[in-house]
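Architecture at a glance
Residue-level listing of the chains:
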Amino acid sequence: MAASTETAESAGAAATPIIRVRGLVSRFGSQVVHDGLAFEVRPNEIMGIVGGSGTGKSVLLRTILGLRRPQAGTVEVYGRDIEQVTPPERLAMVKSYGVTFQNGALISSLTVAQNIQLPLRESYSMTEDVLDELVQLNLSLVGLAPDAAEKYPAQLSGGMVKRAALARALALEPKLLFLDEPTSGLDPISASDFDALLLYLHAELKLTVVMITHDLDSLFRTCDRAGVIVDGHMITDTLPGLLRNTNPWIHEYFHGPRARAVERAVAAPDG
Amino acid sequence: MTMLALHRDGADWRLELSGDWSLGGLEQINAELRALPGPITGPLTCDWSGAEHPSIGAVWALLTRLALIGNAQLQIRHEGHPPHTIELLQKLNLELCTAHGKRAVALPGHEGAIARLGRWTVLQGTEAERVLGFFGRIASVLGAGLSHPRALRFPSVVRHLHETGVTAIPIVSLIAFLISVVVAYLGAQQLSRFGATIFVVDLVTIAVLREMGVLLTAIIVAGRSGSAFAAEIGVMQLNEETDALRAMGLNPIELLVVPRVIALMIAMPLLTIVADAMGLAGGGLLSLVQLHIPPAQFVTRLREALSPTTFWSGLVKAPVFALLIGMVGSYRGMQVRESARELGRMTTMAVVQSIFLVILADALFAILFVQIDF
């Protein structure tokens, strides 16, 4: 038994994962996307999910969120099977999630401020003053200027849309954050800023983050562990572990020409 | 229950926090924060030991309020397990106060009645210009189609012919049939008082062939296909598909608008013939059941009631109505910008305006036909 409380805490944390997926099978007609996929997300970690196009990363996310019912297998969040909980418990679970979708999915007919207020208005009774305060809070959390509040999504740049979507996801003060390709379509500077923002929020707000990403820079910089979907299964490991993995696809993914450039860049400051 | 208790001890101030500090308690926290007497002049200690589930929003509310009522150099110390987010929020709050000062919200300026009238007039002017331009672009594609028939996109026309024409047959038939039954029934009630029930046949024939067949078809088509055109093209606008077509050197008018308009101009006269036939059938059925006029006599009377132009005076309007509906639907679709709400607004506008234009055109036709004795 470890003596320090830090180790005891992390050992206890490892015993009760925030998300546990077991034996997941997803099929579309005859096409099998997940074939007995299993993995766990531990408390207070940033977990990356990678995989080739069409391997079902977004399907997996939708399944965990309960937007899609799998053909087989269980999804447990906070130790509860999401198919077994009562509707009110389910609602409470969903409200503790923050989710950003690939294209932001901001409601196009509402301003950024109204988008952020939407979940707050539906969940609590608050006066306009309080709502405005919370909009300012969430905008400054994600590093958007206050004047972005009155803009419509169509008036924002790609990077601002991603930040605004994150601000909306943070509005209900989630414990668990799901990000679907948060840095796709961003220039390297914005993407790098987003990584920094994510690390900062993760450290400050003590969030557990599940992030689908194709951005190797982002993966190496932010994630503690990553899961790779190969042939309908998930191989989960730390990043150094994945780098040593001998599976042909994983090897190609982490040792292709692009990956080598990233590794050099990441390794350079240390050595 | 109070959530804030402010004490003063000489130069030092002490704020004791208690109760539910989650987002759910924010309303009350905010009310009590507003009631806090200011200004706080000396160093302040916040005691968090009584606060339950402190949320980021509540901490934020406290910090912004304290920044407002304290002086600039207010020193705040937190004790009794303050939430871990407090340092982050303090930093953000300080940044927001220094970088942006008091957050100014720009209010839209008020416009006088004359300015509004002027803006409306200018808008109507540019709108009219745009509509004319749109019509011109369709006409130029049609003109080019005369020499290069490929520009008319035959496969696409066939698809739209199916969607706007073939699939509309059941609903057009049903409505034409029912309406003419109603007209014949009400007509029979009135005409039987003069013992002239045989004139029900004249009534139904002329009403259906001249006006109702084509008008009902136009209204149904405007509701079905006018809205579909606006919505389809509108979503393509939102997805930047029309921009993609332009960037590939393709003309969205040629690819999207003209096939729809041509298909509708072919489908509408055919649907009108169906509506006419079903309308006459409805009148015939009612005459048989209610007035005991046998079908043979109905047909004989129908031939006598018809003038050579009756059928054509209805049918000739169909392509004109089709052009109006197709153009308005496509035009509104091309105008969709930015948001889902705009899509709904433009689709509604497409249906309302095309029905209005159809009825206006029908009135003009009526005057024209009387003048030329058609």
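Computed from a predicted model, the values in this text were never measured in an experiment.

1. A look at the overall build of chain B
- Along the backbone of chain B there are 13 helices and 4 strands.
- For 374 residues, the compact-globule estimate of 2.2 N^0.38 gives 21 Å, and chain B exceeds it by more than 25% at 35 Å.
- Taken over 374 residues, chain B has a buried fraction of 34%.

2. Some thoughts on the domain arrangement of chain B
- In terms of domain boundaries, chain B breaks down into domain 1 (4-100) and domain 2 (133-371).
- Of note, the centres of domain 1 of chain B and domain 2 of chain B, computed from C-alpha atoms alone, are 68 Å apart.

3. Quick notes on the sheet that holds strand S4 (residues 72-77) of chain A
All names here are of chain A.
- Ordered by their spatial adjacency, 4 strands build an open sheet running S2-S1-S4-S5, and the pairing between neighbours is antiparallel. Since the sheet does not close on itself, it has two edges, and those belong to strand S2 (31-41) and strand S5 (80-81), each with one partner.
- Packed onto the sheet, helix H2 (residues 57-65) meets strand S1 (19-28), S2 and S4 and runs at close to 120° relative to S1.

4. Quick notes on helix H7 (residues 199-238) of chain B
Residues and elements named next belong to chain B.
- Across its 40 residues, H7 extends 55 Å between first and last C-alpha, which sits within 8% of the 58 Å expected from 1.5 Å per residue.
- Roughly 55° is the biggest bend found in H7, and it falls at Val-208.
- Looking at the residues trailing H7, positive phi occurs at Glu-240, about 60°.

5. A few points about the sheet that holds strand S2 (residues 12-20) of chain B
Residue and element names in this part refer to chain B.
- The strand order S1-S2-S3-S4 describes an open sheet built from 4 strands, whose pairing is mixed. Of all strands in the sheet, those with a lone pairing partner are strand S1 (4-9) and strand S4 (76-79), marking the two edges. Strand-to-strand twist across the sheet, computed as the mean angle between neighbouring axes with direction ignored, equals 20°.
- Where strand S3 (residues 44-52) lies against S4, 4 bridges are found, and the strand directions are parallel. Within S4, the residue paired with Asp-47 across the bridge is Glu-79.

6. Considering the packing of helix H4 (residues 112-123) of chain A against helix H5 (residues 128-141) of chain A
Residues and elements named next belong to chain A.
- Where H4 contacts H5, the axes come no closer than 10 Å and their chain directions differ by 115°. Between H4 and H5, the angle is such that the two are roughly perpendicular. Crossing hand, H4 versus H5: right-handed. Judged by residue contacts, Ala-113, Ile-116, Gln-117 and Leu-120 of H4 engage Leu-131, Leu-134, Val-135 and Asn-138 from H5.
- Split into classes, the residues belonging to the contact of H4 with H5 amount to 6 nonpolar, 2 polar and no charged.

7. Side note on the packing of H7(B) against helix H10 (residues 295-305) of chain B
Residues and elements named next belong to chain B.
- Relative to each other, H7 and H10 sit at 60°, their axes nearing to 9 Å. On the basis of the axis angle, H7 is oblique to H10. Judged by the twist between their axes, the crossing of H7 over H10 is right-handed. Along its contact with H7, which presents Val-201, Asp-202, Thr-205 and Ile-206, the element H10 presents Phe-298, Arg-301, Leu-302 and Ala-305.
- Split by residue class, the contact of H7 with H10 holds 5 nonpolar, 1 polar and 2 charged.

8. Here we look at the interface of chain A and chain B
- Taken together, the contacts link 20 residues of chain A with 23 residues of chain B.
- Breaking the side of chain A that touches chain B down by element, the ones donating at least two residues are H5 and helix H7 (188-205) of chain A.
- Ranked by the residues each element gives to the side of chain A that touches chain B, the list is headed by H5(A), at 7 residues.
- Classifying every residue of the side of chain A that touches chain B gives 10 nonpolar, 6 polar and 4 charged.

9. A short note on the nonpolar core
- Counting residues in each nonpolar core, the largest one holds 91 residues, and the members touching the most others are Met47(A), Ala164(A), Ala167(A), Val209(A), Met211(A), Val228(A) and Val59(B).
- Not counting chain neighbours up to four residues away, the residues in contact with Ala164(A) comprise Gly104(A), Leu106(A), Val112(A), Asn115(A), Leu144(A), Ala148(A) and Leu156(A).
- Ranked by size, the runner-up nonpolar core spans 58 residues in total, among them Ala184(B), Ala230(B), Val258(B) and Ala263(B).

10. So, the environment of Ser307(B)
- You can see Ser307(B) is positioned in the loop between H10 and helix H11 (310-315).
- In the structure, Ser307(B) is positioned 67 residues away from Phe374(B) in sequence and 9.7 Å away in space, judged by C-alpha atoms.

11. Quick notes on unusual backbone geometry
All names here are of chain A.
- Positive phi, close to 55°, is recorded for Glu-173, a residue that is not glycine.
- Structurally, Glu-173 is set in the loop between helix H6 (158-170) and strand S7 (176-180).
- With phi around 45°, Glu-181 is a residue other than glycine that occupies positive phi space.
- Position of Glu-181 relative to the elements: it lies in the loop between S7 and H7.

How each quantity is defined
Residues numbered from 1 in each chain as written. Chains lettered and ligands numbered in written order. Predicted model: local features only at pLDDT ≥ 70, side-chain atom pairs only at ≥ 80, totals over all residues. Helix = DSSP H or I, 4+ residues; strand = E, 2+ residues; numbered from the N terminus. Rg over C-alpha atoms; globule rule 2.2 N^0.38 Å. Buried ≥ 20, exposed ≤ 12 C-beta atoms within 10 Å, placed from the backbone. Domains from an automatic or database assignment. Pairing = 2+ DSSP bridges. Contact = placed C-beta atoms within 7 Å. Axes fitted to C-alpha atoms, helices over the stretch in contact; angles between N-to-C directions. Expected span 1.5 Å × (residues − 1). Bend = angle between axes of the 7 residues up to and from the residue. Parallel < 35°, antiparallel > 145°, perpendicular 65-115°, else oblique. Left-handed = near helix turned anticlockwise from the far one by under 90°. Nonpolar A, V, L, I, M, F, W, Y, C, P; charged D, E, K, R; others polar. Core = buried A, V, L, I, M, F, W, Y, C linked by C-beta atoms within 7 Å.

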